Amino acid sequence: QVQLVESGGGLVQAGGSLRLSCAASGRTFRMSDMAWFRQGPGKEREFVAAISWTSISTYYTDSVKGRFTISRDNAKNTVYLQMNRLKPEDTAVYFCAADRSGGSDPSKVYAYKYWGQGTQVTVSS
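Here, residues in each chain are numbered from 1, in the same order as that chain's written sequence. Predicted model: local features are reported for residues with pLDDT of at least 70 only, side-chain atom pairs are reported and counted for 80 or more only, and whole-chain, interface and lining totals are derived from all residues. Only hydrogens and water are set aside when side-chain values are computed; all heavy atoms of the structure are taken into account.

Chemist: Go over the overall build of the chain, please, and point to the residues and values.
Modeler: By the criteria applied, helices consist of DSSP H or I runs no shorter than four residues and strands consist of E runs no shorter than two, each listed in order from the N terminus. When you go through the chain residue by residue, the secondary structure sums to zero helices and eleven strands. The C-alpha radius of gyration of the chain comes to 13 Å, within 12% of the 14 Å expected for a compact globule of 125 residues. A principal-axis box enclosing the C-alpha atoms of the chain has dimensions of 40 × 25 × 25 Å. We call a residue buried when its accessible area falls under 20% of the maximum for its residue type, exposed when it is over 50%, and partly exposed in between, using a 1.4 Å probe and counting protein chains only. Across the 125 residues that make up the chain, the buried fraction comes to 43%. Of all intrachain contacts in the chain linking residues separated by at least 6 positions in sequence, the fraction that spans at least 24 positions is 57%. Of the accessible surface of the chain, which amounts to about 6500 Å², a share of 47% is contributed by carbon and sulfur atoms. Put simply, the radius of gyration uses C-alpha atoms, and a globule should come to 2.2 Å times the residue count raised to 0.38. Throughout, a contact is declared for two residues whenever any of their heavy atoms are within 4.5 Å. Each accessible area value is a Shrake-Rupley result obtained with a 1.4 Å probe; residue values ignore everything except the protein chains displayed when judging cover.

Set out below in C-alpha cells:
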C-alpha cells in the first residue's frame with residue numbers, strides 16, 4: 001500500500017516557477033516508478049512527467065519539455081516536479097501517481113495503481 005500527498009501548488013504569474021512535492025508512505029516507494037499528471041478545467045487527466053525508481057529514466061510530455069523537471073529522493077520518499085516558465089495553459093490540478101505496472105506505457109493513467117488527492121496550480125496571465 002502506498003499513500004501519496006502532494007504539496008507546493010499555488011497561484012503564480014506567467015513566467016514564474018513552482019516546485020511540487022509528493023510525499024509517499026509505504027515500503028514499495030523505492031521500487032516504484034512515479035509520475036505527475038494534471039487535469040485542467042473540463043479536461044481529461046493528462047500525463048506530464050514520469051521517472052523510474054532508479055531515476056535513470058525520465059519522460060515528459062512535449063508541452064513541458066525544457067520547462068519542467070521531475071526528480072526523486074528515495075531517502076525522503078519524495079518525488080518533485082520543478083516547473084519553470086509557467087504558462088496560463090499549465091493551470092490544472094496536479095496529481096502524483098505511483099507503482100506503474102511493469103512494461104506499461106508510463107504516460108497512461110491506467111498504468112498506475114496509487115494516486116494522490118492533487119494540488120491546484122493556477123497561472124495568471
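After presenting the structure, the write-up continues.
Chemist: Give a detailed account of unusual backbone geometry, specifying residues and quantitative values.
Modeler: Here the phi dihedral of S55 falls at roughly 70 degrees; this positive angle occurs in a residue that is not glycine. One non-glycine residue with positive phi stands out, namely R85, at about 50 degrees. With respect to the secondary-structure elements, R85 resides in the loop between β8 (78-83) and β9 (92-100). With relative accessibility at 49%, the residue R85 sits in the partly exposed group.

Chemist: Tell me about the sheet that holds strand β7 (residues 68-73), residues and numbers included.
Modeler: A sheet is described by the order of its strands in space; here four strands give the open sequence β1-β3-β8-β7, paired in antiparallel fashion. Strands at the two margins of the open sheet, each flanked by one partner only, are β1 (3-7) and β7. Pairwise comparison of adjacent strand axes, ignoring direction, gives a mean angle of 15 degrees for this sheet. Strands were regarded as paired on the criterion that DSSP finds at least two bridges between them. Where β7 lies against β8, six bridges are found, and the strand directions are antiparallel. Across the sheet, S71 pairs through a bridge with Y80, a residue of β8. To obtain each axis, a line is fitted to C-alpha atoms, and for helices this fit is confined to the stretch in contact; angles are then taken between N-to-C directions over 0 to 180 degrees.

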